[in-house]
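# Overview (structure and organization)
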Amino acid sequence: MRRALGTLAACVALWRPWSLVDPSLQLRRRQNCRSTKVVIGHRAVPWDQVPGAEVLSPEVLRAAATCTGEDFQLMLPEESDMQELTDLVDESFQRAIQARMVEDGNPFSGFWNGWVSLSERQMTLGALRKRLKGLLEAPSLRKPRDDEWALGVLLVGPQDGVQDGAGRELVGYFELLLQRPEGLSRRGEMVPYLKNLCVSKAYRGRGLGRKLLEVVEEFSRSSWKGESLYLHTDNDPAAFGLYNSSGYVVRKQEEDGEGMSIYMSKRLI
């Protein structure tokens, strides 16, 4: 009898009422509790204070200084940044998530759209943790040996009386890794590949996306010795316009059920 009661108590303790709640309600609760500004809540690592920073070229340092000015700072993420970083990435690529949602007139739209948003967020968080695992364990700017390691760089906002990275706004982000580009031989050399270049909505229209892109290009060329930089985007006019006006050319286009993927590259030397 005692064992049965103990089992019943354990089951009750594990039950969560919110597990039966409409995912759209969970999503709205999260959005209502979330600040309109994404803030990192720890002491992040300045990118010029980790292994590999000692060989940053004058061109990279100039591009970084132009990007950060007096108010911003480039930093490497830590595990405690992953939730806020996920918020920024999902915010920046909301258009891809919207493509999977249904119109509000559908009787199941609230449940379905809430579920889509929550599931997409979990996938984004899992993908970020997987790609940044090596960086989180051993921060470095050195060129990796394979495609199992990615460099993630945060652009954080003004200090506003705080020190290091604690309590500062997460303004922008980019990832750089080695990858064999789509459309090239699988036996070909892995090259610098840009992913998830994004800027918070609150800071768009200031040219920060272009300045971050210039940092990536100079770093890829001088620190990772890349002859070209590769990336892919969708047919969003702002994203495509940024890359097109910066000298990137289309290599390949693909369309699937979730939209258009445009693969682009730019010669760096």
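Computed from a predicted model, the values in this text were never measured in an experiment.

## Side note on the packing of aromatic side chains
This model, assessed by the stated rule, comprises 4 aromatic pairs. Summarising the aromatic geometry, the rings of Phe72 and Tyr203 are spaced 5.8 Å apart at their centres and angled 80° between planes, so their arrangement reads as edge-to-face. Of the two residues, Phe72 sits in the loop between helix 3 (58-68) and strand 3 (73-76) while Tyr203 sits in the loop between strand 6 (191-199) and helix 8 (208-222), which places them 131 residues apart along the sequence. Among the residues examined, Phe72 registers a relative accessible area of 14% and is labelled buried. Looking at Tyr203, the relative accessible area reads 9%, which means it is buried. An aromatic cluster of three or more residues is present, and its members are Trp47, Phe219 and Trp224. Against the face of Tyr263 rests Lys252, its NZ or CZ located 5.7 Å from the ring centre.

## Some points on the pairing of strand 4 (residues 150-156)
Where burial is concerned, most of strand 4 is hidden: 7 out of the 7 residues are buried. Residues Ala150, Gly152, Leu154 and Val156 line one face of strand 4 and the alternating positions Leu151, Val153 and Leu155 line the opposite face, and both faces are buried. As paired strands, strand 3 and strand 4 are joined by 3 bridges and run antiparallel to one another. Each residue of the ladder has a partner; that of Met75, found in strand 4, is Leu154. The pairing of strand 4 with strand 5 (residues 168-179) spans 7 bridges and is antiparallel. In the strand pairing of strand 5, Gly152 is matched with Glu175.

## Remarks on unusual backbone geometry
Note: most peptide bonds trans; most residues except glycine with negative phi. Phi is positive for Asn196, which is not a glycine, with a value near 55°. Here Asn196 shows up in strand 6. Phi at Lys225 takes a positive value of approximately 55°, unusual for a residue other than glycine. Along the polypeptide, Lys225 turns up in the loop between helix 8 and strand 7 (228-233). Lys225 gets classed as exposed once you look at its relative accessible area, which sits at 63%.

Each value, and the rule that gives it
Counting from 1, residues in each chain are numbered in the order their sequence is written. A pLDDT threshold of at least 70 governs which residues receive local features in this predicted model, and a stricter bar of 80 or more applies before side-chain atom pairs are shown or counted, although totals over entire chains, interfaces and linings include all residues. As a convention, hydrogens and water are excluded, and side-chain values are obtained from all of the structure's heavy atoms. Each pair of aromatic rings taken from Phe, Tyr and Trp, with Trp reduced to its six-membered ring, is defined by centres within 6.5 Å and is described as stacked if the planes are under 30 degrees apart, edge-to-face if over 60, and tilted in the remaining cases. In DSSP terms, a helix is any run of H or I states spanning at least four residues, a strand is any run of E spanning at least two, and both are numbered starting from the N terminus. When a residue's accessible area, from a 1.4 Å probe over protein chains only, is under 20% of the maximum for its type it is buried; when over 50% it is exposed; and in between it is partly exposed. Two conditions define a charge located above a ring, namely a distance within 6 Å from the ring centre to NZ of Lys or CZ of Arg, and an angle within 35 degrees of the ring normal. Being paired, for any two strands, means DSSP has found at least two bridges between them.

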